[in-house]
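Chains, contacts and geometry: an overview
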Amino acid sequence: MSKLYYTTEEKAQNYDTTMPLLEAMYIEFKELSKKKPDAAVSKSKIKMTNRLLGKVRTVLEDESSLEFLDLIDEDDVPQVSDVTLMLSQYVASMKKFKNSHYGSYSGGYGWVIR
Amino acid sequence: MEIIRPRLTDHHGIHKSQADLDFAIQFFDEDLPLYVDPFLLWKSPSQQDNALHTTIINSFNHLNYLIKKKREDEAVSLLVDISECHEVGLGVSQTRRGTKISKKQAKDILNLFQDIPEYSQFGFTHFEIIQLYISGISKDRISDIACNYLKSFLIDYTIGQCEIHNIPIEGVILDSIYNYKTNKLDINQKVYLPVNPKTKEPIIFTPKRWLRFNTWINYEDYFQKYCPRDEIFNPNEPEERVKVLNFNRENYGVVEGYIEYKTKTIEDCKNDPLFSQIPILSARRKLNQILKLNTGKENGADIKYEELSASLLASLFYPHLDFAQTQSRTESGRHIRDLIFYNNRDIDFLDEIFTEYNNRQLVIEMKNVKEISRDHINQLNRYMQDNIGNFGVFLTRNPLSKAMYENTINLWSSQRKCIIAITDEDLKLMVEVYESKQRTPIEVLKKKYIEFRRACPS
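Cut-offs applied
- Residues numbered from 1 in each chain as written.
- Chains lettered and ligands numbered in written order.
- Predicted model: local features only at pLDDT ≥ 70, side-chain atom pairs only at ≥ 80, totals over all residues.
- Heavy atoms only, no water.
- Core = buried A, V, L, I, M, F, W, Y, C linked by side-chain atoms within 4.5 Å.
- Buried < 20%, exposed > 50% of the residue type's maximum accessible area, 1.4 Å probe, protein only.
- Helix = DSSP H or I, 4+ residues; strand = E, 2+ residues; numbered from the N terminus.
- Contact = heavy atoms within 4.5 Å.
- Pairing = 2+ DSSP bridges.
- Salt bridge = Lys/Arg side-chain N within 4 Å of Asp/Glu carboxyl O.
- Expected span 1.5 Å × (residues − 1).
- Phe/Tyr/Trp six-rings, centres within 6.5 Å; stacked < 30°, edge-to-face > 60°.

**A few points about the nonpolar core**
Residue and element names in this part refer to chain B. Formed by 104 residues in total, the largest nonpolar core has its most connected members in Phe60, Leu63, Leu79, Phe124, Phe127 and Ile130. Of all the elements, helix α3 (residues 47–68) adds the most residues to this core, at seven residues. Ignoring sequence-local partners within four residues, the contact set of phenylalanine 60 consists of Leu79, Ile109, Phe113, Phe124, Phe127, Ile130 and Tyr149. In this structure, Ile420, Val433, Tyr434 and Leu445 belong to the second largest nonpolar core, which totals 45 residues.

In structure tokens:
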């Protein structure tokens with residue numbers, strides 16, 4: 001029997017919207033982080049990132065990994081490498097989410113939705 | 001303890017930084033080392049400034065009229081009277097009181113109208129060039145004469161600014177105000193102006209946009225860039241100023257050429273800011289020098305540390321914190337140096353340290369030691385009271401030890417006094433953000449404060 005289990009329509013939709021953005025953001029930060037890992041991240045970047053992460057968190061709200069994931073605190077003056085690390089965790093959790101809720105099941109191939 | 005090196009705005013509780021105000025904030029005890037440059041008025045895009053320049057020139061050329069009418073004594077005494085304007089607080093005087101020029105000097109200036117036919121006939125277009133003819137006349141005189149001619153305008157300007165910023169004004173008697181209609185001085189005029197709270201002397205503001213460290217047309221610049229030195233001095237002859245001045249008097253064309261040259265490069269004539277940040281390269285260099293220093297006092301390392309940090313931090317915190325000064329004090333035989341900033345409350349963090357800790361100024365104590373000890377904390381703790389407020393900062397090399405950190409937290413718990421330490425690592429981050437312009441360096445200070453507050457018991 002498959003290890004897949006159910007999720008909601010809404011979460012599946014949110015996943016489809018946010019995952020490409022999250023991956024793109026992760027790639028950008030990874031690039032920045034290669035050049036200057038210790039540079040401070042501007043407030044506008046933090047705001048944009050947090051906006052996306054807020055949405056991503058709604059997808060992951062029932063996942064056990066959520067307790068390891070935080071939003072970025074702009075008062076902490078995070079460095080690029082900090083943000084990259086956080087994004088990598090989000091990407092990993094999102095991948096795990098897809099593995100758990102997407103695939104072939106009795107009704108066909110796709111999100112497992114009740 | 002009183003506010004250190006108070007300015008007018010701090011005295012009246014007006015929390016605006018110099019960058020936010022249109023006029024130069026004056027100190028009570030000494031002059032600002034800047035001068036009103038008439039050339040900036042002439043150059044200004046504002047018609048009002050141009051008109052004021054015309055006022056100055058017309059008034060100055062009126063002296064020529066007086067001479068021609070054989071009223072030389074009147075001209076001399078007028079020129080002497082307008083040669084000093086202490087109310088504006090510009091120049092290098094420690095006491096805010098300068099001296100007037102002598103009658104002889106005034107006569108020398110007036111003689112220009114007779115000796116040089118062009119001035120006799122057409123008058124001056126830029127009166128600052130008298131610097132190139134008369135010895136002992138320099139930027140401070142030019143500035144004072146210009147201010148005196150414009151005093152009536154400046155008084156209105158001052159009152160206007162006081163209304164905008166709620167600075168109290170009171171009735172004072174001014175010795176003299178130049179009257180443009182009669183071309184005479186009105187004596188003992190009552191006007192309303194802000195006053196120096198200690199001496200009760202009136203204060204007149206000058207717009208920042210008119211100020212320069214040196215006038216655009218000045219002797220040093222002329223001598224370096226334009227003066228035909230070969231014609232004036234024989235080979236191996238000492239380069240004396242008097243000779244140049246005499247040469248100028250006989251060679252009107254050269255001076256006129258210099259004015260033309262200065263007018264052509266008018267785009268480069270800008271007002272000087274009261275404080276300019278050090279360039280990024282220099283910040284990085286200073287940081288590296290600090291990081292290389294050993295802790296302790298060996299080879300004067302502590303003095304070097306203080307000097308380097310002072311200029312670095314003053315730049316990093318600008319424009320949020322205006323630098324007041326470095327201050328020495330001796331406590332228990334030890335020499336301690338502080339950096340003192342005015343608190344303008346222009347960002348939430350600074351506002352918080354004003355409201356929660358009563359910090360009208362921010363004190364940063366510089367300690368080039370390996371480890372901050374209990375004694376150091378006690379010293380700073382004793383220092384933090386009244387106007388200095390209950391928020392203090394150590395600038396030191398290494399993070400506080402666990403015990404000392406606990407100590408500062410206990411201090412907060414028991415007396416609501418907050419001591420945070422900025423270390424080499426934080427300085428690195430500050431320079432980093434200064435360089436990348438992604439954040440402001442003062443946010444690093446805020447970050448340290450927030451970290452501290454998180455560690456405090458709620």
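**Thoughts on the pairing of strand β3 (residues 184–193) of chain B**
Residues and elements named next belong to chain B. In this sheet, β3 lies alongside strand β2 (residues 170–179) in antiparallel orientation, the contact comprising nine bridges. Bridge pairing in β3 places serine 176 opposite isoleucine 187. Between the end of β2 and the start of β3, which pair antiparallel, lie four residues, with asparagine 183 showing a positive phi angle near 55°.

**What to know about the pattern of salt bridges**
Summed over all chains, the structure comprises 34 salt bridges over all chains. Here Asp22(B) makes a salt bridge to Arg209(B), at a shortest N to O gap of 3.8 Å. Within this pair, whereas Asp22(B) is found in the loop between α1 (8–11) and β1 (35–36), its partner Arg209(B) is found in the loop between β3 and β4 (211–212), the two being separated by 187 residues in sequence. Using a relative accessible area of 33% as the deciding quantity, one classes Arg209(B) as partly exposed. Between Lys428(B) and Glu425(B) there is a salt bridge, and its shortest N-O distance comes to 3.1 Å. Within this pair, Lys428(B) and its partner Glu425(B) are both found in helix α18 (residues 424–436), separated by three residues, close to a single helical turn. Since its relative accessible area comes to 51%, Glu425(B) is described here as exposed. Each of Lys36(A), Arg284(B), Glu432(B) and Glu435(B) takes part in salt bridges that share partners, so that together they form one network.

**Here's the deal with helix α19 (residues 442–455) of chain B**
For an α-helix the count is 3.6 residues per turn, leaving residues at separations of three or four pointing the same way. All names here are of chain B. Look at α19: 20 Å from first C-alpha to last across 14 residues, which is about the 20 Å you get at 1.5 Å a residue. Burial runs high along α19: ten of the 14 residues are buried. Taken together, the buried positions of α19 are occupied by Ile442, Glu443, Val444, Leu445, Lys446, Lys447, Lys448, Tyr449, Ile450 and Phe452.

**As for the packing of aromatic side chains**
All names here are of chain B. Inspection of every chain in the model, using the stated rule, returns 32 aromatic pairs over all chains. Pairing phenylalanine 39 with tryptophan 42 gives two aromatic rings, centres 5.3 Å apart and planes at 55°, and the pair type is tilted. Highlighted residues: phenylalanine 39 and tryptophan 42, both in helix α2 (residues 38–43), separated by three residues, approximately one helical turn. Since its relative accessible area comes to 35%, tryptophan 42 is described here as partly exposed.

All we've got here are geometric facts, nothing functional implied.
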